[in-house]
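# Topology and contacts: notes
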Amino acid sequence: MDGSATVEQLNAQKELVRKLKQAAKENKNVSKEEIDREVKKLLELKAQLEETVTTKHFVLKAPKGTRDYGPDKMAIREKVFDVVVGTFKRHGAETIDTPVFELKDTLTGKYGEDSKLIYDLKDQGGELLALRYDLTVPFARYLAMNKIKNIKRYHIAKVYRRDQPQMTKGRYREFFQCDFDIAGTYDAMIPDVECVRIVYEILSKLDVGNFAVKVNHRQILDGMFRVCGVPSDKFRSICSSVDKLDKLPWEEVKQEMVNEKGLDDAAADRIGEYVKLSGGMDLIETLKQDSQMMADKDCVSGISDMETLLEYCDLYGVQDKVVFDLSLARGLDYYTGVIYEAVLKGVQIDGEEVSVGSVAGGGRYDGLVGMFDSKNKVPCVGVSIGIERLFSILEQKNAKSSTKIRSRDTEVYVVSAHKGLVQERMKLVTMLWDSNIKTEHSYKKNPKILVQLQECESAGIPLAVVIGGNEIERGVVKLRDVELREEVEVSKDDLIAEIRKRLNSS
């Protein structure tokens, strides 16, 4: 025997031995020595195959850029999702779902330089497919395909990007997005400002620390590039460079513009002067005094929109969190109007500053649906909540907090005080389940009472119902406050009402 055995070789040898043994039974000319020789070969092949399987290195881990979530982390995620969905529904949104993969042509040409981050799939039955990069393009495809003219929708689902993951900052290759979008033809900035308000409500409710919502306008950016001398065919690539200013210093961004993208050095310097500007209504007034900007029709239109947006932000009570920032670019090609991005400002956990970057972003994309159906051009505006980064912050806060989030919602644990009561426990938990009370009991017939009570305390279950032979005969149970370790007798007839009373008062 030479080399390592394969499954095919092993199966062939098994078949040969079987045939030889069958021939021997039928008294054909097969010697015992020949059978023994082939059986020996079979055993050697088995040994080789087992050695190959044993010595093969198998790395047991989740793929790069992904992670598992245990019960404690899922409890945090569910609470965050409850806040997000509750906010979306409070604003009248309805939900949809779309496939996790799309035709590759659906996604191609929508993301600019980020298109290289799309996960392509192997050819499946003649269709070239790719995993969705975001939820916005599939939403636009859905609108175009179904001829929908207006909808206010939210969508929470996983998306995929072949990015370099930064796990500690909540940056993954597989992650959730929580999108809210308004599709339809409406008056300027009314839907747009509601998206800002939604971000404000979610971040305030989650209590993740101080934050700001940066806003800008794609028309102002385009006009600014023209005024600075950027050739029109370089607008999108220069915009992609400006989009990196939240991660890189200006000198590195300028170097990319000039050395890699061929922009004139003087044009880059002029851009540098503009992207330093930020503020509120004061910046609107500064831009109105800029004769070159006001000579550009895109700038005039964009500045008018921003003035209206900031007025509406004041009416919606979010003006103290909104910053008009000319460095905000958002590199995706499909944005056409207002753009926004929420950032956390110096999140502190036990005195340590945690940096996570952007936690929400979005904008207006009036031309995206028309890219799929030129006869069905539906204006849209929306925002996406960077839920994974929020999870990272809240997980770190929870890990250092003395108050832990419960991973089970159990309200009552039924405890037997001594042996032989498993049937009585089952009757009691059935009564509680039928009354829609979240209830558990031990899966052992005769568990020790101390073990059962310790389970209640470790899981944070607020109430325990303790039963014993004497109580059963008298038609009562003991209702125990687990935290206070206090018990009272309650009749079985009054048990449901008493449990509800205590749960409602806690």
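First, a word on scope: everything that follows refers to the structure included in this document. The shown structure was predicted, so the numbers you read here are calculated from the model rather than taken from an experiment. (Residues numbered from 1 in each chain as written. Predicted model: local features only at pLDDT ≥ 70, side-chain atom pairs only at ≥ 80, totals over all residues. Heavy atoms only, no water.)

## As for the sheet that holds strand β13 (residues 380-385)
The sheet built from 9 strands is open, its strands ordered β1-β4-β5-β13-β12-β9-β6-β8-β7 with mixed pairing. On the outer flanks of this sheet lie β1 (94-95) and β7 (278-279), each paired with one strand and no other. By the bridge criterion, 2 bridges tie β7 to strand β8 (residues 322-325) in an arrangement that is antiparallel. Bridging across to β8, G279 finds its partner in F324. Packed onto the sheet, helix α7 (residues 218-228) meets β6 (211-217), β8 and β9 (338-344) and runs at close to 60° relative to β6. Lying on the sheet, helix α15 (residues 387-399) is in contact with β5 (174-183), β9, β12 (358-364) and β13; it crosses β5 at an angle near 125°. (Pairing = 2+ DSSP bridges. Helix = DSSP H or I, 4+ residues; strand = E, 2+ residues; numbered from the N terminus. Contact = heavy atoms within 4.5 Å. Axes fitted to C-alpha atoms, helices over the stretch in contact; angles between N-to-C directions.)

## Comments concerning a nonpolar patch on the surface
Together, V100, F101 and L121 make up a nonpolar patch on the protein surface, roughly 210 Å² of accessible area in all. Relative to the assigned elements, F101 resides in strand β2 (residues 101-103). (Patch = residues over 30% accessible without salt bridge, like charges linked within 9 Å, V, L, I, M, F, W, Y side chains within 5 Å. Areas by Shrake-Rupley, 256 points an atom, 1.4 Å probe, with all protein chains shown as cover. Salt bridge = Lys/Arg side-chain N within 4 Å of Asp/Glu carboxyl O.)

## Structural notes on the sheet that holds strand β14 (residues 412-416)
Backbone hydrogen bonds are what pair the strands of a sheet, in a parallel or an antiparallel way. Taken in spatial order, the 5 strands make up an open sheet running β15-β14-β16-β17-β18, and their pairing is mixed. The open sheet terminates on both sides in strands that have one partner only, identified here as β15 (439-441) and β18 (486-491). Sheet twist, expressed as the mean angle between neighbouring strand axes with direction ignored, is 30°. Pairing between strand β16 (residues 463-467) and strand β17 (residues 476-481): 4 bridges, direction antiparallel. Across the sheet, the residue bridging to L463 is D481, located in β17. In the packing of helix α17 (residues 449-459) onto the sheet, the strands contacted are β14, β16 and β17, and the crossing angle to β14 comes to about 170°.

## Here's the deal with the packing of aromatic side chains
Here a ring pair, both rings aromatic, is described through the centre-centre distance and the interplanar angle of the planes. Enumeration according to the criterion identifies 8 aromatic pairs in this entry. Plain terms: the ring middles of Y200 and F211 are 6.2 Å apart, the flat faces sit at 65° to each other, and that makes the pair edge-to-face. Of this pair, Y200 sits in helix α6 (residues 190-206) while F211 is found in strand β6, placing the two residues 11 residues apart along the sequence. Through successive ring pairs, a cluster of aromatic residues spans F81, F176 and F391. Between R77 and the ring centre of Y69, over which it is positioned, the NZ or CZ distance is 3.7 Å. (Phe/Tyr/Trp six-rings, centres within 6.5 Å; stacked < 30°, edge-to-face > 60°. Lys NZ or Arg CZ within 6 Å of the ring centre and 35° of its normal.)

## Points about the pattern of salt bridges
This model, assessed by the stated rule, comprises 35 salt bridges. Here R141 and E102 are joined by a salt bridge, their closest N and O atoms 2.8 Å apart. Here R141, found in helix α5 (residues 136-146), pairs with E102, found in strand β2; they are 39 residues apart in sequence, far enough to count as distant. In this structure, the salt-bridge partner of K276 is E273, at a minimum N-O distance of 3.7 Å. Of the two residues examined, K276 and E273, each falls in the exposed class. Shared partners join several salt bridges into a network, and the residues in it are R90, R197 and E201. (Buried < 20%, exposed > 50% of the residue type's maximum accessible area, 1.4 Å probe, protein only.)

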